[in-house]
Structure formats: structure tokens, C-alpha cells
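# A closer look at the structure
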Amino acid sequence: MKSVIEPKLGTRFTIHGARFEISFIADGTVRYSSSAGGQVHRMPYAKFLDLQIQGSLDVSDATNAVINTYSSHASVIKYRYIEAAIRTLPHPTARAPLAEVIRTVCADLSDAKPPSVRTVSYWIANFKQRKEESLPPRYSRRGNRTIRFAVEVEQLISEAIEEQFLRRERGGGDAVHSQVIGRAAQLGLCDSHASKVALPSIRTIQRRIKQLDPHTVASAQLGPLAASKIARAAGRTIKARNCLSIVQMDTHKLDVLVVDPDTGDVLGRPFLTTVLDVHTRSIVGTYISMYDPSATTALAALKDMLVRYGIPTLVIPDNGVEFANSAFILVCGTLKITISPAQSRDPNGKAHVESFFRTLTNALIQSLAGTTFSSPAARGDYDSSRNARFTIQQVKSFVDEWIKEVYHKTVHSRTLRAPVIAWEEKAGVMGPMKLTAAEVDILARRPYERTIHGGRVQFEGLHYYSHALIALEAQGNSKITILIDELNLQTVFFENPSLSGEYLMAESTDPDYTDALTLFAHLEAMKIKKALSDADRKRFGTNANRIARWTLMSRIQHESEAAKKWLRKLTNGVGRKLSKTDAKSTASECSELERVKQIDSPKSTLAPEPLSSPQSTAKARWNVIPTIKSLDTE
């Protein structure tokens, strides 16, 4: 029969090649955690032994080396006393000679607390009895290990701990003790002297509580998520072996106010969505906008990465974003990209990209005019709104230049490599597969089936026209599939039914409204428009969509004063036809939402330029600031 090893705290074992470590044993259950990642699992004690017998679970000597006090520095000192006595004395436990040996070893080791002759004699006897080079604990099982109370009392203790301690509104040991005594009195366990049974003291209850599994306690009192974070270590790092094998994606609200390029009005703080390659720590995708994190902004950063760097294997996206039924999911499914969202409130989920945000904030963002700093205390009496002067495009250019010239050319504190050099070496051997901008543009569009009416197709209240649609409709092809870009609703594509793989374009009938309009912003604007009364919608006419869109912008960024001015101008001018001059003025006052087209920009934040020297990095770091300062003084 195959020998088995009893499970104990710290035992490491493997199951089908996966490595685990036992983190707690109680009530016939073994709790263990994976070495990579730290996920918590459980199995019955008996099953742990059965799996060893079956050969499915391997507890080798190497993985089962549980380090305790007897393999520590203290154990080494004890072994020195034993070794000296056995090698120099014919009778190692003889009292007088052993005392002389102890004094000699004590002087050699500078031992401040030398053991007594009796203690060393015990060590020697135990060592010879076990015939092994290890020192077992003298009292391996201290205390009473049997059930001390009657079965009825033990049941009351378990119930009280469950009802009073293992819950969100938890009580302490005194509450548990009070319930045990109260229930015992109800059951008549302490009515008469003859039938009186032993009851636990409050100290006994406190000891019982201390013996509970920390994971069970945390799960009951704080919830499963907190239990996972408390009861597990970070685990071995899951390493990314190649470029884009693992990328982390997250969105950060920048600590700086941006302004409208035409009016100078404060728009608010922009959001930066960033994609970081875990292996090289390179920034492989960015997107700056005024929108809250969403599947749309994640798709924008993903497209930026696909065009300039290639297809990743695994993406760890922002856990706070709902990706269901989005183009982001569609693209990842088409390109076989695995999506593994980080656990909510888990600091280890996207630690690398979050560290990048801290570096960016401290090194660049908080040096810009109009910065909000990290807190009101840090801001002091600095007036962020009054000093704000940079547009979202200028902030984007600063961030791009800092990433390219400073961050990518600075040796990373963890990898000990500059990201640009690490990328060049790995990509030079075998780089990720890349796509053209046209391919990404088609792949990142979501298909919808629509019917042609008068050379137009309709999508979410928007209309698109093309002369080719008229021809298709005349030929009897009334049903077509249109491809929607969730990042820009200005145009749609549709496949030519007569020629598979050929895509034609249809343009928006309201180009001023749909210019750089995202699907997210449009749907939110339509909610605002729907909330308007019928009289208001009729009064605003063709401007209703634009008013709703700007109202959305004002709601997202409360600091914006441009929205009020633009709304006032539109509502005051209802009833008269806008002149060409008025139309241009109105368009110029539209927000950054209608103006910024960042997704297909050919600019790269990761230049394949070799590093010349550490001085070049320092020079690049300095060059970013004068550029900002010169713009600041204009």
C-alpha cells in the first residue's frame, strides 16, 4: 500500500501539475491555496489521503518541507550542543562532562542563554531515539485535546458561535458566552446540584473563537471578497513570457482640468484609458476622453493597441465596466483574445497599470497648470479652474511625449529593464501579429440587420444614406447588414450583397451631430431628449439632438460653463434660420466630444528607437517640461 503523508499547515503538494499549499486545517476540512494566484479551495481531510493513495495528489519530500522553529536558527544552535556532546564524550549524557561541553559551545556560539544539562540530555536522548538529524518539539501536543463538556453543551457552544459571532452584526466572546449560559438555563442543564453539568467560562469561549478558520470568520463577517484577500497570500506572480501575452487595462481620471479650445471654458477632468504589457511594462494603448469608463473607451484603447502593436493573448480589463453585448467582446471573440476581469477591489488584479498611473501623476500631470492635485489638502489655496489652460489634445500630446521619451526609456524598478529595450528584444525574436487600420476598423464594428427605405437605413434614431443603397433597393435587396463603429457614428459600412467581402459606406444625414459621436454618448443623449416635453422637442426642432448631447456633456463634467452658454444661444435663436456664420459659431462651441478623433491616429507612444545613454533619458525628461511651460505662458 502506498504510504501517505498527513496534511498539516504549510504542506505543499501538486494535483495534475498544479501546485498548492495548505493554509488551514479544521473540522475535518483542509483549506488550501494555489501557488500561482492564491485562489482558495477546500477538500475533506479523508479525500486528501485518498487522492494520495490513488496517485492523483503528490506530496513529495521537497514540497513537504514545512519550516518551523526546529529548522530555524534556534534549531542549528541546539544541534551544535548535541553534536559536540556526541562526538567528544563517550557518555554524552554524563552530567559533569556534559556541563563542560555546554560551557565550551556556549563560548564558541556566544549564546546568551545556554541550555541546562538536563535540557541537553533530553535533546540527545530524543535525537538518538528518532535516529534522524532533526529535533522534534518537546511538547508536540500540549493541553487537553478531548471534548471537555457534555455533548449538549458542545452543541450550544457551536450554535452560539454561529449565531452571535459568525455574522455581519457580530458580537464578541461575551455575547457568545451569554447565549450559551442562557440556553443552558432554558434546557435545565444547571437547575439542581445533582444534574448540574460543567459550563464553559468566557475564557474558554475566547479560545474557541481563536481556533476558528480565519477564512470562515472573514467570509461570515466581511464577505467572500474580503475573506479571499485576508486568508490568502499574493501567491506566485503569474508571469507573462512574451510581448502581449498578458496586458492590463484600466481607466484613470487625470488630476488636471482641461478647457474648450475655442471658448476657454473649463470642461472638467479627462479620463485616460491605458493598456500595459505586463512582460515589458510598455504602454501599448491609450485613449483620452471626457467619458466615464465604459466598453466604448475600452474598445478605443484596444483598437489603438491592435493597430500599432498587435493582438494580445489575454486581457485583464477594468472590472468596473460592463462589457456584455459590446463590440469589445465581439472583437476579442473574433481575434481569440481571452478576457479575464480582475476581481473587484483586488489590488493585485491590475497592480502594474495602477502603478503606472501613480508614476504618471507624480511625474507629469501634477506639474501641469490647472492640476487638481490628489486631494484638497494637497491643493491648498491653488485655484485649479482659474489656472486651467490646456485642451484635451494638448494634455494628450504631453502624455504621449512623456510615455515615449521618459517612461519607455527609464529603467523599470521591478524588471530592471527599460520598456522600449525589453520590447525591442522580445518583438525582434517573434513579435505579436499586427492588423492594418482598415482591418481593425471593420473588425471593431458591430453588425446589425436593417431594412432599406428610400436609399436610407436607420440605427437608433439616426439615418444614413448612400446612392448604392438606392440601387440595392431597386434590385430587391431590401435587407442588408450594416456595421456600426461604436466610437464614431458618423458613417456606417454595409456589405455588397453581390460581392462578398466588399464593403460600401453610408453617411449620416446629420453630420454635425454624429461627428465623432460615440454610441454611448448618443444613447445617453437620447435619454435626455426623451425626457424633454413634446413642446420642447417641437420647439427645438433639429437642434434637439445637439442640445441633448451638450446636456450630457454638462452632466458628466459639472465644472463646464460652456454648456450653459451654448444652450442659451440655441434656445434664444429658436424660430429663426441660422445663418452660415451662426452655424459655424455654433459648431465651434461644440464640446471636445464632437471634435476629438483619436482612435486611428498614426502617432505611436512606443518608438522603436534605441537608447543612446542614461543622459538621453534625463534630457528627454527635461524636454517635456519646457514644452509645457512654453504653452503655459502663451
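Everything below is about the structure shown above.
Please read all numbers here as calculations on a predicted model, not as lab measurements.

## With respect to the overall build of the protein
- Counting its secondary structure elements, the protein contains 25 helices and 18 strands.
- Intrachain contacts of the protein at a sequence separation of at least 6 include 64% that bridge at least 24 residues.
- In the form shown here, the protein has an accessible surface area of approximately 33500 Å², with 52% of it arising from carbon and sulfur atoms.

## Some thoughts on the sheet that holds strand E10 (residues 283–289)
- A sheet is described by the order of its strands in space; here five strands give the open sequence E10-E9-E6-E11-E12, paired in mixed fashion. The open sheet is flanked by E10 and strand E12 (338–339), the only strands paired with a single partner.
- Running over the sheet, helix H12 (residues 351–363) touches strand E6 (246–253), strand E9 (271–277) and E10 and is turned about 40° from E6.
- Contacts from helix H15 (residues 392–405) reach E9 and E10, with the element oriented near 165° to E10.

## Quick notes on the nonpolar core
- Counting residues in hydrophobic clusters, the biggest one holds 31 residues, and the most contacted among them are Leu302, Met305 and Phe328.
- Of all the elements in the fold, those that place two or more residues in this core are E6, E10, helix H10 (295–308) and helix H11 (327–334).
- Of all hydrophobic cores here, the second largest spans 26 residues; its members include Val256, Ile288, Leu364 and Val395.

## Here's the deal with the sheet that holds strand E2 (residues 18–26)
- One open sheet holds the five strands; their spatial order is E4-E3-E2-E1-E5, and the pairing between them is antiparallel. On the outer flanks of this sheet lie strand E4 (40–44) and strand E5 (57–58), each paired with one strand and no other.
- The pairing of strand E1 (residues 12–15) with E2 spans four bridges and is classified as antiparallel. By the bridge assignment for E2, Thr14 is matched with Arg19.
- Together, E1, E2, strand E3 (29–34), E4 and E5 form the strand contacts of helix H1 (residues 45–54), whose direction differs from that of E4 by roughly 85°.
- Where helix H8 (residues 214–222) meets the sheet, its contacts fall on E2, E3 and E4, and the angle it forms with E4 comes to roughly 120°.

## What about the packing of aromatic side chains?
- This structure, assessed with the given rule, holds 13 aromatic pairs.
- Ring centres of Phe356 and Trp402 lie 6.1 Å apart, and the angle between their planes is 45°; on these two criteria the pair is classed as tilted. Of the two residues, Phe356 sits in helix H12 while Trp402 sits in helix H15, which places them 46 residues apart along the sequence.
- On the numbers, 5.1 Å between centres and 85° between planes, the contact of Phe390 with Phe398 is edge-to-face.
- Under the relative-accessibility criterion, Phe398 is labelled buried at 2%.

## Considering the pairing of strand E14 (residues 456–459)
- Of the two faces of E14, only the one carrying Val457 and Phe459 is buried; Arg456 and Gln458 on the other face are not.
- In this structure, E14 lies alongside strand E15 (residues 462–465), joined through four bridges in antiparallel fashion. Following the sheet pairing, Phe459 is matched in E15 by Leu462.

## Details of the packing of helix H5 (residues 151–165) against helix H6 (residues 173–186)
- Remark: H5 packs on H6, axes separated minimally by 9 Å, with the N-to-C direction vectors making an angle of 135°. With respect to H6, the axis of H5 lies oblique. In the packing of H5 onto H6, the handedness of the crossing is right-handed. Judged by residue contacts, Leu156, Ile157, Glu159, Ala160, Ile161, Glu163, Gln164 and Phe165 of H5 engage Ala175, Val176, Gln179, Val180, Arg183 and Ala184 from H6.

## What to know about the pattern of salt bridges
- With the rule as written, the count across this model stands at 15 salt bridges.
- Here Arg269 and Asp255 are joined by a salt bridge, their closest N and O atoms 3.0 Å apart. Of this pair, Arg269 sits in the loop between strand E8 (266–268) and E9 while Asp255 sits in the loop between E6 and strand E7 (258–259), and the two are 14 residues apart along the sequence.
- Each member of the salt-bridge network shares a partner with another, and the members are Lys303, Asp441, Arg445 and Asp485.

## Regarding the environment of Ser294
- By the element assignment, Ser294 lies in the loop between E10 and H10.
- A relative accessible area of 11% places Ser294 in the buried class.
- For the pair Ser294 and Val321, spaced 27 residues apart in sequence, the C-alpha separation works out to 5.3 Å.

## A look at the side chain of Thr514
- Its location among the elements puts Thr514 in helix H19 (residues 511–514).
- Residue class for Thr514 comes out buried when judged on its relative accessible area of 0%.
- Within polar-contact distance, the side chain of Thr514 engages the side chain of Ser508 at 3.0 Å.

## Comments concerning the environment of Arg386
- Among the secondary structure elements, Arg386 is positioned in helix H14 (residues 384–387).
- When the C-alpha atoms of Arg386 and Leu257 are compared, they prove to be 9.8 Å apart, with 129 residues separating the residues in sequence.

## Overview of the packing of H10 against H11
- Two elements in contact, H10 and H11, have axes whose closest approach is 8 Å; the angle formed by their N-to-C orientations is 35°. Here H10 contributes Ala295, Ala298, Leu299, Leu302 and Leu306 to the contact with H11, which in turn contributes Ala327, Phe328, Val331 and Cys332.
- In terms of residue class, the contact of H10 with H11 is made up of nine nonpolar, no polar and no charged.

## A word on helix H3 (residues 95–109)
- Its 15 residues give H3 an end-to-end C-alpha distance of 21 Å, which sits within 8% of 21 Å, the value for a rise of 1.5 Å per residue.
- When we look at burial in H3, the residues that qualify are Leu98, Ala99, Val101, Ile102, Val105 and Cys106. All buried residues of H3 lie within an arc of 160° about the axis, which places them on one face of the element. Away from its buried face, by an angle of more than 90 degrees, H3 presents the exposed residues Ala96, Arg103, Ala107 and Asp108.
- Directly after H3, the chain includes Ser110, whose backbone phi takes a positive value near 55°.

Procedures and definitions
Residues numbered from 1 in each chain as written. Predicted model: local features only at pLDDT ≥ 70, side-chain atom pairs only at ≥ 80, totals over all residues. Heavy atoms only, no water. Helix = DSSP H or I, 4+ residues; strand = E, 2+ residues; numbered from the N terminus. Contact = heavy atoms within 4.5 Å. Areas by Shrake-Rupley, 256 points an atom, 1.4 Å probe, with all protein chains shown as cover. Pairing = 2+ DSSP bridges. Axes fitted to C-alpha atoms, helices over the stretch in contact; angles between N-to-C directions. Core = buried A, V, L, I, M, F, W, Y, C linked by side-chain atoms within 4.5 Å. Buried < 20%, exposed > 50% of the residue type's maximum accessible area, 1.4 Å probe, protein only. Phe/Tyr/Trp six-rings, centres within 6.5 Å; stacked < 30°, edge-to-face > 60°. Parallel < 35°, antiparallel > 145°, perpendicular 65-115°, else oblique. Left-handed = near helix turned anticlockwise from the far one by under 90°. Salt bridge = Lys/Arg side-chain N within 4 Å of Asp/Glu carboxyl O. Polar contact = N/O pair within 3.5 Å; in protein donor to acceptor, adjacent residues only side chain to side chain. Nonpolar A, V, L, I, M, F, W, Y, C, P; charged D, E, K, R; others polar. Expected span 1.5 Å × (residues − 1). Arc of directions from axis to C-beta.

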